[in-house]
Amino acid sequence: LAIGGASVRGELEQHLIKERDLRRATELFEGFRAPPSAALREHLVAVAAAADAPARARVAAAELLARSAAGRPAPILRGLFVELDDPALLARIARALSLVAEAPTPAAKLLGATVAWTHHPARWRALLAAGHPEAQRQVLTILKDDDASTSDRRCALKAWRAAVVLGPTDSAPNALRDALR
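None of the values given here were measured: they were computed from a predicted structure.

Peer 1: Give me the packing of helix H2 (residues 22-31) against helix H4 (residues 55-66): which residues, what numbers.
Peer 2: H4 packs onto H2 with a crossing angle of 30° between their chain directions and a minimal axis gap of 9 Å. Here H2 lies roughly parallel to H4, going by the angle between them. Here H2 and H4 pass one another in a crossing that is left-handed. In contact with Leu22, Thr26, Glu27, Phe29 and Glu30 of H2, H4 contributes Arg56, Ala57, Ala60, Ala61 and Leu64.

Peer 1: Just give me the short version of the packing of aromatic side chains, but keep the residues and values in it.
Peer 2: For the structure shown, the criterion picks out zero aromatic pairs. A cation over an aromatic ring shows up here: Arg123 above the ring of Phe81, its NZ or CZ 5.9 Å from the ring centre.

Peer 1: I'd like a rundown of the packing of H4 against helix H6 (residues 87-100), residues and numbers included.
Peer 2: Where H4 meets H6, the axes come as close as 10 Å, and the angle between the chain directions of the two elements is 15°. When the axes of H4 and H6 are compared, the pair comes out roughly parallel. Where H4 crosses over H6, the two elements pack in a sense that is left-handed. Where H4 approaches H6, its residues Ala55, Arg56, Val59, Ala60, Glu63 and Ala66 are matched on the opposing element by Leu89, Arg92, Ile93, Ala96 and Val100. Across the contact of H4 with H6, the residue classes break down as eight nonpolar, no polar and three charged.

Conventions and cut-offs
Residues numbered from 1 in each chain as written. Predicted model: local features only at pLDDT ≥ 70, side-chain atom pairs only at ≥ 80, totals over all residues. Heavy atoms only, no water. Axes fitted to C-alpha atoms, helices over the stretch in contact; angles between N-to-C directions. Helix = DSSP H or I, 4+ residues; strand = E, 2+ residues; numbered from the N terminus. Parallel < 35°, antiparallel > 145°, perpendicular 65-115°, else oblique. Left-handed = near helix turned anticlockwise from the far one by under 90°. Contact = heavy atoms within 4.5 Å. Phe/Tyr/Trp six-rings, centres within 6.5 Å; stacked < 30°, edge-to-face > 60°. Lys NZ or Arg CZ within 6 Å of the ring centre and 35° of its normal. Nonpolar A, V, L, I, M, F, W, Y, C, P; charged D, E, K, R; others polar.

Okay, structure coming up:
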């Protein structure tokens, strides 16, 4: 599509919409780079919202939607961030959310009413990796708090190190990652 195949875009989108194997659809969603049509966007919303769909398919649909429809995917991404637990998917969602939201989503919407960051280490790491300012402030708050427990400080440092120093698993050579652990 990037080098002049726009004439097949409509057919490819119809294939995406009709695809019933969500594993295959996931791969197609992840590789699709053209702006989706209104019909494909509706399909992406349906897949992202389907509780019975595989988590990876839901995230891939939401990411494709995020690359194309500013504003609309933010509530879907927030819902997925709250609902899912897979650290790799949380990182993808947090990255997509940081791109579509005009302002960073308040932590209370992402972590629940009690914003206890230490109870959500995978979410904290994902938000730190995506550059969420509230997640970054919370690390400093815990480290500066004389009353913070050792386990809370350890959790804050581990989240920061995993997100900022080590980054994604493919961002540094294995020897360097092992040395930093």
